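Secondary and tertiary structure notes
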Amino acid sequence: MRIRAPGLVLLVAAALGAWAGQPSFDAARRAAAVGDYRTAIQEYQQLLERSGFSAPVLFNLGNAWLRMGNPARAILDYERALVLAPGSAAIQANLAAAQQRAGIAPTAAGPWLQAARHFSFDTYLWVCLAAIWVLCVALVLLSVDGSGRRLTRALILVSVLMLCVGADAAVLCWPDLYRAVVQEPAVLHLAPAQSAATGGTLAAGEVVWLQDRFGAFTLVRTADGHVGWVDDTTVLPVRVSRP
Amino acid sequence: MKSPTPCRWFIRAVLLPALLAGLAPVWASSRVTMTLDPPTFDVGEASQLTIVISGDEDAVPIIPHVSGLVINPEGQSTSIQQINGAVTTYFARTYRVTATQEGTFTIPSIRIGSLTTAPLTVRVGAPGSANPARSGQQAAPQDRTTATDVAAALRAAMPMMKVILPTSRLYVGELVPIQIKVYFKEGVSPRLEGPLVAVGDAFTVSGLDKQATQTEELVGVTRYAVLTWNAVLGALKSGSYPIGLELPASVSVQLHASDADVAARLRALFGTAASSAFMDEPDLDEMFGRVIRKSVTVKPDAPPVTVLPLPAAGRPADFSGAVGQFEITGELAPRSGAVGDPLTFKLTVSGRGNLSRISSEVLHDSPQWRTYRADSKVTADDESGLKGFKTFSQPVVPLQAGQLTLPGLSFSYFDPEAERYVTRQTAPIRVMITPGAGGPQSAVAGQGGAGPTGGAQGAGADALAADAAATGGVSRSLESVLWRPWFMGAALAPVILMMAAVTAIRRQRRRAGDPALRRQAAHRTAVRINLEHMASALDRGDSAAFFAAARRALQERLAERWQVSADSVDPQWVAGTLPPEHGAPLQAIFAMADKAVYGAESLGPQALQEWERRVLEQLKRLESA
């Protein structure tokens, strides 16, 4: 018993120490509140790596980057936060502020695209998947003799409508899968080589669309339709598999 | 010594001299000729000196200095002629001859390897004197006259290019529509070898028709096939320049002379005396020695065009090089908004002129507006691109609420018809801006420092929406579920299941509608029921019931197997249908069943179990048979 008690105490102390060493959302917020944005950024990034992507964490991280004077990185984190919370007015507001600080013109989207962006791309995929299941079940029911044909037909109509709407919205949002944010001013090359002729420039914080990749270069398309190769370290994709 | 026979004498005395006499002119004229085209000209004009050498001699002629004449090399060409298997090579060198003074000059004999040309007399008239010597000149030697005539005939057969301009003088930057016409004389088989291209740096040619329009025109008494292109000519620099256009083509010429000498001269002169537009390496295509195909590069036969510089006097400060006639309009869309809302100011310059090269003044930052880089887009109204409009789109963001005014913009251009600068002005645009109601508006207004702050979730001191207080839901990846294999499986699974279910349902329906399948199902059901009765009778020790059920089960199985009625199956049927080795066990079971049912013979449990084994064995055999 004498031996066990100190061991237990040590175990509890180690657990507490380990818990104290874990990145904490509240600690990051406190650091940001007192203006220690560097610490806040480290805490938020560790939290993302440990727990995964979270819209509030990405939003707070973007705020910290913006207050640190890095609007390009803030735009990237806001864009990532919008993937998880597409309808958030707060994220959109701070994104607009970051774009303005970066000197980037607000991107204009058509009414259909604006409406489609109310939900995420994956939401539309889930809607389509549910519609496919309902449609298949309804078709099986329709092929079985018996009552309930009216209900079955209503199910088919609803599921087809869901499928059409979901697929249309997903198609509209499809380019968003390839969004990326320029992290530092870059030059658009006409070919994937530093010695290739240049065809324009990219500003830090500008949103581009990834098209292709070759070696250390990425082919991107800008919002005004220009296409060129850039060093792939200068653009970071919005949708990534890991923090 | 033998005396010549009459035959040999005839050959030596008559045929050989005659043959040599006939060939002599050919050899004499085909070795080297020197011609001047035209043979007389005025000071300030130019003539072309052509030296044609046939055979293997390819030495370079050394042109002597002739006082009063300037002779500069211009080009060379090589052609090969094959007549009746005899191949002759012609080397032709051309020189440009100009005169510094009027008078009569003599180009002395020129030695080229082992060959020597005859001297050539040149008459040069005063500038613009329309040299009378052109019509009454001294008769040239016979071979030179023939060559000149052939060259003239060929020149008449060569294609011509004419460029039709609406005006004889242009201003730098001015665009005018032009028509390019290429004339091919009737009887000449033309073939285009490439596209019409612009050369030189004094003009641009744009909006060229992809396909030429083909028509026929009568010029004097000669009919021409005419190819016409429409295009737009743009002047790039001031001065006097010819319009640089080139059309690679080839023409086929039918030779009417049968004289091989004329043909040889024609070939030799074709690439040299006819036109300077000939290529260096002519492509001779010969058919029976009568048709020649020649590659040519057709160039405009037009005087230089005068391009005037834009006047410096009266040039507005905002002039950016627009030349033509233009109108401008300015509009803001949408016409209302909140602080921080992006609006788009569109300046449209429409009209006729060098739209693609013009730029315009843009809006600049002010306390009321934040402005961004303007994008431009040219939209052509016609295929030539001469008419259309250019739109400058500039995002602007209001920083204050209230009645704001976007200032008017000016645009200046040079009107080449009025020959003066013109300045157009857009009207100022008034727009009502409401205060931001949170969201992006509040954030942007905060940045501008002039609008209200506050947002849906409250704002920090720097006008950003405040940090979130809770971590919320977590996602391990931001990649779409579309790329996960299980999602594709989940999407395909219902389709596969649905198809399987529908297939099974249809199959069941089909079986339900088939009499044979229905009978088979009934037999199998009857077998199953009688086997249950057998087991029940065995438990009770009821021999009669056991054998009745056993007999019925076998009848049903045999009826299913042979497609007969179960009632018709009896020992006689078995004996008549099945072979003895298969029928005997069944007949034994049927006989025992008769004894048990009708003879009231009762068996013990062990005997019944033995009979049950036999019955099951027979049923199994019949099922697998």
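Residues numbered from 1 in each chain as written. Chains lettered and ligands numbered in written order. Predicted model: local features only at pLDDT ≥ 70, side-chain atom pairs only at ≥ 80, totals over all residues.

Observations concerning the overall build of chain B
Tallying secondary structure elements over chain B gives eleven helices and 32 strands in all. Of all 625 residues assigned to chain B, the portion counted as buried reaches 31%. (Helix = DSSP H or I, 4+ residues; strand = E, 2+ residues; numbered from the N terminus. Buried ≥ 20, exposed ≤ 12 C-beta atoms within 10 Å, placed from the backbone.)

Considerations on the overall build of chain A
If you tally the helices and strands in chain A, you get nine helices and seven strands. Counting all 243 residues of chain A, 40% fall into the buried class. Counted over contacts in chain A with a minimum sequence separation of 6, partners at least 24 positions apart contribute 56%. (Contact = placed C-beta atoms within 7 Å.)

Concerning the interface of chain B and chain A
Between chain B and chain A, the residue contacts involve 42 residues of the former and 47 residues of the latter. Elements that contribute at least two residues to the side of chain B that touches chain A include exactly helix H5 (440-448) and helix H6 (485-512) of chain B. A total of nine residues in the side of chain B that touches chain A trace back to one element, the largest contributor, which is H6 of chain B. Grouping the constituent residues of the side of chain B that touches chain A by class yields 24 nonpolar, 13 polar and five charged. (Nonpolar A, V, L, I, M, F, W, Y, C, P; charged D, E, K, R; others polar.)

Points about the confidence of the model for chain B
Residue and element names in this part refer to chain B. When pLDDT is averaged across chain B, the result is 76; 77% of the residues are at 70 or more. Taken element by element, the predicted model of chain B shows its lowest mean pLDDT in H5 (35) and its highest in helix H8 (residues 543-562) (91). Taken together, the stretch residues 132-147 has pLDDT below 50 and engages in 22 contacts with residues farther than four places along the chain or on a different chain. Counted against residues more than four places away or in other chains, residues 271-289, with its pLDDT under 50, gives 60 contacts. Interface predicted TM-score (ipTM) for the complex: 0.83; the corresponding pTM is 0.43. (pLDDT = per-residue confidence, 0-100.)

Overview of the environment of threonine 471 of chain B
Along the chain, threonine 471 of chain B turns up in the loop between H5 and H6. The class for threonine 471 of chain B is partly exposed, based on 15 C-beta atoms found within 10 Å. In contact with threonine 471 of chain B, other than residues within four places in its own chain, are Phe25, Ser54, Pro56 and Val57 of chain A.

Some details on the sheet that holds strand S18 (residues 239-241) of chain B
Residue and element names in this part refer to chain B. Taken together, three strands build an open sheet; the order of strands is S11-S22-S18 and the sheet is mixed. Pairing within the sheet leaves two strands with one partner each, and these edge strands are strand S11 (169-171) and S18. Ignoring strand direction, the axes of neighbouring strands in this sheet form an average angle of 30°. For S18 and strand S22 (residues 305-308), the ladder comprises three bridges, and the chain directions are antiparallel. In the strand pairing of S22, tyrosine 241 is matched with valine 305. (Pairing = 2+ DSSP bridges. Axes fitted to C-alpha atoms, helices over the stretch in contact; angles between N-to-C directions.)

Considering the sheet that holds strand S24 (residues 336-338) of chain B
All names here are of chain B. The sheet built from three strands is open, its strands ordered S24-S32-S29 with mixed pairing. Among the strands making up the open sheet, the edge pair consists of S24 and strand S29 (402-406). Here the average twist between neighbouring strands, direction ignored, is 35°. Relative to strand S32 (residues 429-434), S29 is paired through five bridges, and the arrangement is antiparallel.

Looking at helix H5 (residues 71-84) of chain A
For H5 of chain A, which comprises 14 residues, the first-to-last C-alpha distance of 20 Å matches the rise-based estimate of 20 Å (1.5 Å per residue) to within 8%. Among the 14 residues of H5 of chain A, 14 are classified as buried, and the element is accordingly described as predominantly covered. (Expected span 1.5 Å × (residues − 1).)

Things to note about the nonpolar core
By size, the foremost hydrophobic cluster in this structure holds 55 residues, and its most contacted members are Met161, Ile180, Ala231, Leu233, Leu245 and Leu247 of chain B. Of the residues forming this core, the biggest block, seven residues, is contributed by strand S17 (residues 222-235) of chain B. With residues up to four places along the chain from it excluded, the contact list for leucine 233 of chain B reads Leu165, Val176, Ile178, Phe203, Val205 and Ile243 of chain B. Among the nonpolar cores identified, the runner-up in size contains 54 residues, and Phe53, Leu58, Leu66 and Val230 of chain A belong to it. (Core = buried A, V, L, I, M, F, W, Y, C linked by C-beta atoms within 7 Å.)

Comments concerning the packing of helix H10 (residues 580-598) of chain B against helix H11 (residues 605-624) of chain B
Residues and elements named next belong to chain B. Closest axis-to-axis distance for the H10/H11 pair is 11 Å, and the angle between their directions is 135°. Judged on the interaxial angle alone, H11 and H10 are oblique. Classified by chirality, the crossing of H11 by H10 is left-handed. When H10 is examined against H11, the residues Pro585, Leu586, Ile589 and Met592 are found in contact with a partner set consisting of Trp611, Arg614, Val615 and Gln618. In terms of residue class, the contact of H10 with H11 is made up of six nonpolar, one polar and one charged. (Parallel < 35°, antiparallel > 145°, perpendicular 65-115°, else oblique. Left-handed = near helix turned anticlockwise from the far one by under 90°.)

Re the environment of glycine 472 of chain B
The residue glycine 472 of chain B is located in the loop between H5 and H6 in this model. For glycine 472 of chain B, a count of 15 C-beta atoms within 10 Å puts it in the partly exposed group. Setting aside chain neighbours within four positions, we find glycine 472 of chain B in contact with Ser54, Ala55 and Pro56 of chain A.

Section: unusual backbone geometry
Residues and elements named next belong to chain B. The step from aspartate 37 to proline 38 runs through a cis peptide bond, and the omega angle for that step is -5°. Positionally, proline 38 belongs in the loop between strand S1 (32-37) and strand S2 (40-42). In this structure, glutamate 419 takes a positive phi of about 55° despite not being glycine. If you trace the backbone, glutamate 419 turns up in the loop between strand S30 (410-415) and strand S31 (420-425). For glutamate 419, a count of 11 C-beta atoms within 10 Å translates into the label exposed. If you check the backbone angles, glutamine 563 has positive phi at about 55° while not being a glycine. As for its position among the elements, glutamine 563 is in the loop between H8 and helix H9 (571-577).

Some remarks on the packing of helix H7 (residues 515-540) of chain B against H11 of chain B
All names here are of chain B. It is at 11 Å that the axes of H7 and H11 come closest, and there the two elements cross at 170°. Judged by the inter-axis angle, H7 sits roughly antiparallel to H11. H11 is crossed by H7, and the crossing has left-handed handedness. Judged by residue contacts, Val527, Met534 and Leu538 of H7 engage Leu608, Gln609, Glu612 and Leu619 from H11. By residue class, the composition of the contact of H7 with H11 is five nonpolar, one polar and one charged.

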